[in-house]
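Each chain, written out:
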Amino acid sequence: MSITIAGMTKRFDRTEVLRGIDLDVADGELVALLGPSGSGKTTLLKIIAGLEWPDAGRLSVAGQDWLQLAARDRRIGFVFQHYALFPHMSVRDNIAFGLTVRPRADRPAKAQIAARADELMAFLQIDHLADRFPAQLSGGQRQRVALGRALAIKPRVLLLDEPFGALDAAIRRDLRRWLRGVHEATGSTTIFVTHDQEEAFELADRVVVMGQGRIEQIGHADQIHDHPATPFVARFMGATVELPVVLASGRAAAPGLDLTALPRRALPDGTARLFARPADIRAMPDPAGVWHVTSLASTGAELRLTATRADGAEAEAQMPRRGAPALTKGAPIALRVEAAAIFPDARRDTATPVLPLPKEIAR
Ligand SMILES: Nc1ncnc2c1ncn2[C@@H]1O[C@H](COP(=O)(O)OP(=O)(O)OP(=O)(O)O)[C@@H](O)[C@H]1O
Ligand SMILES: [Mg+2]
């Protein structure tokens, strides 16, 4: 089922939580919503699920207006951020739940429900846990049960809100791979919320980066990584070194920075800001350097360095410790930037301001 969201806004009291969301998800696509805490990811999922209503905008699924449809009629599979299984029900009953509460006319026969639960438990590799209760399961097993419960109704749309949030890194990686497999096998259109970049990029066909109720960028992993659309996305993707530069004929320049590795940009001349990842900055000893090493630390594998320029600018560099040049605290260095995003400063309008016309002329 394809999903179309257009012009969607939502506020809680005076807080604008969604500020005009436009998003198309193709049938069978797996899309990740990525963004910092409070950016509106859960709110967007809840609106799709019919648990919240927007103030304005459209939501249609396979051409049908879902804002006219109650939550129970939407056939959504939902795994919540803080998943809650029914504690007094066995794994089997938890999974079968969505089918047993269907209106009678629509409810499969008991034997069919049991068969569906068995089939899902086998598929999720939890059939040996059928008679256990949630308290007797590990976190990863509970996640699978939660997913089984969501899949039991053969959802038209699957919504997963940080389904692996509470789990440790190794289990997350396993479940990620496994979820990708589930998605490929079921083909359901899936929207997956995470604040883990790696998870988003590894799992999703496309990633939607949200910030403060807006979509900042939609794209594939490499696009978002290499070509952030906004300063927000650049910072969010780890380009934490932010330095003023001057652009001339598409080339950036700044005191003490070697920017010759950067490709020429189709950007207007003038002041701009450069965003780079510490790992894309090389530090080299240079007796004539205008940067000085202010701190130096090793994590074993990596050397992390901060440098300061006479005008107070700061930069961080991170490099493999093996093969790194000999650097000492206080030493003068030169910095070379291997990759960066550049955004021109918002231009002050120097044109004559447009004055409102006197009323009698405007009329
Ligand atoms: N029922 C509510 N009443 C009032 N404010 C709410 C409500 N639900 C969410 N909010 C506010 O809306 C904003 C977005 O919340 P939301 O849960 O959608 O964020 P999120 O992106 O899912 O964050 P997280 O990554 O922490 O889960 C937050 O500022 C939150 O405080
Ligand atoms: Mg959330």
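Scroll up to find the structure.
What counts, and at which threshold
Residues numbered from 1 in each chain as written. Chains lettered and ligands numbered in written order. Predicted model: local features only at pLDDT ≥ 70, side-chain atom pairs only at ≥ 80, totals over all residues. Heavy atoms only, no water. Helix = DSSP H or I, 4+ residues; strand = E, 2+ residues; numbered from the N terminus. Buried < 20%, exposed > 50% of the residue type's maximum accessible area, 1.4 Å probe, protein only. Contact = heavy atoms within 4.5 Å. Areas by Shrake-Rupley, 256 points an atom, 1.4 Å probe, with all protein chains shown as cover. Lys, Arg positive; Asp, Glu negative; His and termini not counted. Charge placed at Lys NZ, Arg CZ, Asp CG, Glu CD. Pairing = 2+ DSSP bridges. Axes fitted to C-alpha atoms, helices over the stretch in contact; angles between N-to-C directions.

**Q** Even after reading the chapter, I still don't get the overall build of the protein, so can you show me in this structure?
**A** For the protein, the helix and strand inventory stands at nine helices and 20 strands. The principal-axis extent of the C-alpha atoms belonging to the protein is close to 80 × 75 × 35 Å. Buried positions account for 44% of the 363 residues belonging to the protein. Sequence separation of at least 24 residues holds for 67% of the intrachain contacts in the protein that already meet a minimum separation of 6. Roughly 18,800 Å² of accessible area belongs to the protein as shown, and the carbon and sulfur atoms make up 52% of that amount. Mean positive and mean negative side-chain charge positions of the protein (46 and 42 charges, respectively) differ by 3 Å.

**Q** Can you help me understand the sheet that holds strand 9 (residues 206–211) in this one?
**A** In sheet architecture, strand pairing relies on hydrogen bonds along the backbone and comes in two forms, parallel and antiparallel. The six strands are arranged 6-7-8-3-9-10 in an open sheet whose pairing can be described as mixed. Sheet topology places strand 6 (76–79) and strand 10 (214–219) at the edges, where each strand pairs with a single neighbour. Strand-to-strand twist across the sheet, computed as the mean angle between neighbouring axes with direction ignored, equals 15 degrees. Where strand 3 (residues 30–34) meets strand 8 (residues 189–194), five bridges bridge the pair, whose relative direction is parallel. Bridge assignment links leucine 34 to a residue of strand 8, and that residue is threonine 194.

**Q** Sorry, what's going on with unusual backbone geometry here?
**A** Trans peptide bonds make up the majority, and among non-glycine residues the majority have a negative phi. Backbone geometry at arginine 75 places phi at a positive 50 degrees, although glycine is not the residue there. Mapped onto the elements, arginine 75 comes out in the loop between strand 5 (64–65) and strand 6. Residues other than glycine seldom take positive phi values, yet glutamine 212 does so here, at roughly 45 degrees. By the secondary structure assignment, glutamine 212 is in the loop between strand 9 and strand 10. A relative accessible area of 59% places glutamine 212 in the exposed class.

**Q** Honestly, the environment of leucine 247 in this entry has me stumped. Any pointers?
**A** Here leucine 247 lies in strand 11 (residues 241–248). Through-space distance from the C-alpha of leucine 247 to that of isoleucine 342 is 9.3 Å; in sequence the pair is 95 residues apart. What leucine 247 contacts, discounting residues up to four positions off in sequence, is Ala252, Leu267, Pro268, Asp269, Gly270, Ala272 and Ile342.

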